[in-house]
Amino acid sequence: RRKRDEMEGECRRLREEADELQLTVDTLEKERDFYFHKLREIEVLCLQVQEGKEQADSLLPSTMSILYATDDATDPIPDGEEVGGQLDGETE
């Protein structure tokens, strides 16, 4: 009986630890996606300047705006949605 109680306690502790680790993974994935989308927006902006669709003097203010946007103001761009005249995921 005592051994069983010890094993159940250990099992409970391991489940709690696994739940905490899963929460950490979920948080890290969300942060990764947040920063990836910022980089993607900057990439699209740079391509637009390179192609002459945007003025070079708008690059710095636009980049700063993207970099300092919070999660509330920066929604990830779903695949297939247009970003500054270019479809997300579209390459040249």
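You'll find the structure just up there.
Nothing here was measured: the structure is a model prediction, and the numbers come from that model.

### Some points on the side chain of Thr-63
Okay, step 1: Structurally, the position occupied by Thr-63 is in helix 2 (residues 59-68).
Okay, step 2: Apart from the residues lying within four places of it in its own chain, the contact partners of Thr-63 are Ile-42 and Leu-45.

### Quick word on a nonpolar patch on the surface
Okay, step 1: A cluster of nonpolar side chains, contributed by Leu-60, Met-64, Leu-67 and Tyr-68, occupies part of the molecular surface with about 450 Å² of accessible area.
Okay, step 2: By the secondary structure assignment, Met-64 is in helix 2.
Okay, step 3: With a relative accessible area of 35%, Met-64 lands in the partly exposed category.

### Some words on the pattern of salt bridges
Okay, step 1: Counting across every chain of the model gives seven salt bridges.
Okay, step 2: The residue Lys-53 makes a salt bridge to Glu-51 at a minimum N-O spacing of 3.2 Å.
Okay, step 3: For Lys-53, a relative accessible area of 56% puts it in the exposed group.
Okay, step 4: Judged by relative accessible area, which is 32%, Glu-51 ranks as partly exposed.
Okay, step 5: If you follow the salt bridges from partner to partner, you end up with Glu-10, Arg-13 and Glu-17 in one network.

### Details of the environment of Glu-54
Okay, step 1: With respect to the helices and strands, the residue Glu-54 is situated in the loop between helix 1 (2-50) and helix 2.
Okay, step 2: Those residues in contact with Glu-54 that sit more than four places away from it in its chain are Leu-45, Gln-48 and Val-49.

Calculation notes
- Residues numbered from 1 in each chain as written.
- Predicted model: local features only at pLDDT ≥ 70, side-chain atom pairs only at ≥ 80, totals over all residues.
- Heavy atoms only, no water.
- Helix = DSSP H or I, 4+ residues; strand = E, 2+ residues; numbered from the N terminus.
- Contact = heavy atoms within 4.5 Å.
- Patch = residues over 30% accessible without salt bridge, like charges linked within 9 Å, V, L, I, M, F, W, Y side chains within 5 Å.
- Areas by Shrake-Rupley, 256 points an atom, 1.4 Å probe, with all protein chains shown as cover.
- Salt bridge = Lys/Arg side-chain N within 4 Å of Asp/Glu carboxyl O.
- Buried < 20%, exposed > 50% of the residue type's maximum accessible area, 1.4 Å probe, protein only.

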